[in-house]
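# Coordinate inspection notes
In case you want the letters, here they are:
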Amino acid sequence: MKKLEGQVVIVTGGARGIGEGICKVFCNEGAIVALWDVLDEGQKTADKIAKNGGKIFYQNVDVSNQESVDMAVAKLISEYGKIDVLINNAGIIRDRSILKMSREEWDQVMHVNVDSLYITAKAVVPHMKAANYGRIISASSVNAFQGAFGQTNYSASKAAIVGFTHSLCREVGKYNITVNAVAPGFIKTEMTDSMPQDVIQAGISMIPVGRIGTPEDMGHAYLFLASKEAGFISGHTLHANGGAMP
Ligand code: NAI
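Quick notes on the rules
- Residues numbered from 1 in each chain as written.
- Predicted model: local features only at pLDDT ≥ 70, side-chain atom pairs only at ≥ 80, totals over all residues.
- Heavy atoms only, no water.
- Phe/Tyr/Trp six-rings, centres within 6.5 Å; stacked < 30°, edge-to-face > 60°.
- Helix = DSSP H or I, 4+ residues; strand = E, 2+ residues; numbered from the N terminus.
- Buried < 20%, exposed > 50% of the residue type's maximum accessible area, 1.4 Å probe, protein only.
- Pairing = 2+ DSSP bridges.
- Axes fitted to C-alpha atoms, helices over the stretch in contact; angles between N-to-C directions.
- Near = heavy atom within 4 Å.
- Polar contact = N/O pair within 3.5 Å; in protein donor to acceptor, adjacent residues only side chain to side chain.
- Nonpolar A, V, L, I, M, F, W, Y, C, P; charged D, E, K, R; others polar.

Looking now at the packing of aromatic side chains. Under the counting rule described, the total for this entry stands at 1 aromatic pair. Between Phe57 and Tyr80 the ring centres are 6.1 Å apart and the planes differ by 15°, which places this aromatic pair in the stacked class. Here the residue Phe57 occupies a position in strand β3 (residues 55-60), and Tyr80 occupies one in helix α3 (residues 66-80), the gap between them amounting to 23 residues. Taking relative accessible area as the criterion, Tyr80 reaches 31% and is therefore assigned partly exposed.

Backbone-to-backbone hydrogen bonds pair the strands of a sheet. The strands run either parallel or antiparallel. Strand order in the open sheet made by the 7 strands is β3-β2-β1-β4-β5-β6-β7, with parallel pairing throughout. Taken across any chain shown, the strands that pair with only one partner, and hence form the sheet edges, are β3 and β7 (237-240). Direction aside, the axes of adjacent strands within the sheet are offset by 20° on average. Sheet analysis places strand β5 (residues 134-139) next to strand β6 (residues 177-184), joined by 6 bridges and oriented parallel.

Below, the discussion takes up the site of the ligand. Residues in close proximity to the ligand total 29 residues, the closest being Arg16, Asp37, Asn89, Tyr154 and Thr189. Note that an oxygen atom of the ligand is positioned 2.6 Å from one of the side-chain N or O atoms of Asp37. Tyr154 has a polar side-chain atom sitting 2.5 Å from an oxygen atom of the ligand. Counting only elements with at least two residues in the shell around the ligand, the list comes to α1 (17-28), α6 (152-172) and α7 (190-193). Per-element accounting of the shell around the ligand gives the leading share, 3 residues, to α7. For the shell around the ligand, the class distribution of residues is 15 nonpolar, 9 polar and 5 charged.

Take a look at the structure:
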């Protein structure tokens with residue numbers, strides 16, 4: 001029996017990187033996946049996964065815009081009548097040391113990485129409450145816990161996700177909704193490909209399992225928390241980093 005058979009899942013930021021890995025793994029487990037992204041390349045990603053038998057479709061959604069999210073949720077509800085799983089994976093970086101960081105770079109990161117949690121929860125939680133079932137899992141980061149040069153905005157936003165998770169899990173547990181976070185370590189995606197080669201190699205040398213993580217590695221971490229079997233785990237942050245920060 002597949003772990004997510006017939007379940008309706010939203011994966012934000014699913015066009016590429018970790019989000020694409022989550023979409024692939026969830027489709028293999030029988031989920032019906034709504035791939036949300038602002039990049040039209042989301043259509044190609046969905047087509048590619050659908051060719052291999054996945055039930056997946058692209059919705060152009062900006063997670064930092066309440067109207068955009070509400071419209072997409074309304075479409076899903078009218079078509080399927082429920083949303084079982086929400087994966088808040090979309091995120092951005094605007095790295096710069098604090099002395100050089102503009103207010104705009106700070107605000108952009110907070111808007112996409114933090115405001116989106118409020119926006120998607122406001123749209124989705126009422127439907128999960130009505131169904132008396134739900135799984136909400138959001139992307140934190142190893143850098144929320146250890147920090148990184150040039151990432152005061154990003155680290156603060158990813159730490160906010162942990163606090164949000166702790167509080168929301170207390171509010172919605174009685175509706176059989178669990179709320180968790182995944183804190184990825186160093187994962188090979190377009191986000192990390194843009195880093196200098198020597199920084200990438202230095203990063204890998206710090207990972208006890210001896211390799212960079214893959215989007216599919218992350219897909220399996222999310223899958224565990226999204227499964228019905230994980231119903232007694234809530235308010236948790238799963239550190240998926242190859243042992244880099246045990
Ligand atoms: P990525 O940059 O490759 O993909 C992020 C996706 O989110 C993109 O497709 C982008 O278009 C989408 N997105 C951005 N703003 C959006 C918006 N307003 N509405 C809808 N979609 C939007 O990033 P990656 O590496 O796949 O990371 C995914 C998540 O995991 C992010 O939240 C990131 O902060 C987190 N993470 C990644 C790590 C890594 O090593 N790659 C490490 C720790 C955390």
